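# Commentary on secondary and tertiary structure
Below are the chains, spelled out letter by letter.
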Amino acid sequence: MDNALIHGDEFGALADAEHARLRDVATSWTRLRAEDGEVIGTEIADAIVGGLAALVSSARRQGQGVYYWVA
């Protein structure tokens, strides 16, 4: 099952998103995970989503892409 909230070109949108949008994405992610019984704190989710956005931004500045794998 693929529980990824972000696919393909959406990484670029994440990198371009403002803080409020990143927080919305993190909130949606915590809800999705909660449906499967996994609890992720909102502060942790905010940090992960923010870190992912920063990683994608950094990769773009260097002319690189981002590959991800979800287990």
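Residues numbered from 1 in each chain as written. Predicted model: local features only at pLDDT ≥ 70, side-chain atom pairs only at ≥ 80, totals over all residues. Heavy atoms only, no water.

## What to know about the pattern of salt bridges
Pairing is possible between side chains of opposite charge, provided their charged atoms come close. This is how the line gets drawn: Salt bridge criterion: a side-chain nitrogen from Lys or Arg within 4 Å of a carboxyl oxygen from Asp or Glu. Every helix listed is a DSSP run of H or I at least four residues long, and every strand listed is a run of E at least two residues long, numbered separately from the N terminus. Exposed residues in this analysis have more than 50% of their type's maximum accessible area, buried residues have under 20%, and partly exposed residues fall in between, with area computed by a 1.4 Å probe over protein chains only.
Evaluated as defined, the whole model comprises four salt bridges. Two residues, Arg 23 and Asp 46, come together in a salt bridge whose shortest N-O distance is 3.4 Å. With Arg 23 in helix H2 (residues 19–35) and Asp 46 in helix H3 (residues 42–61), the pair connects residues that are 23 residues apart, well separated along the chain. According to the relative accessible area criterion, Arg 23 is partly exposed, its value standing at 43%.

## Observations regarding the nonpolar core
Heads up, the condition is: Nonpolar core, defined: a set of buried Ala, Val, Leu, Ile, Met, Phe, Trp, Tyr and Cys residues in which side-chain atoms within 4.5 Å join the residues together. Residue contacts are defined here by distance: any two heavy atoms, one from each residue, within 4.5 Å place the two residues in contact.
Core analysis: the biggest nonpolar cluster contains nine residues, these being Leu 14, Leu 22, Val 25, Ala 26, Trp 29, Ile 40, Ala 45, Val 49 and Ala 53. For this core, the elements supplying multiple residues, two or more each, are H2 and H3. Sorting elements by how many residues they give to this core places H2 first, with four residues. Dropping the residues within four chain positions of it, Leu 22 is found in contact with Leu 14, Ala 17, Val 49, Gly 50 and Ala 53.

Read these as geometric descriptors, not functional statements.
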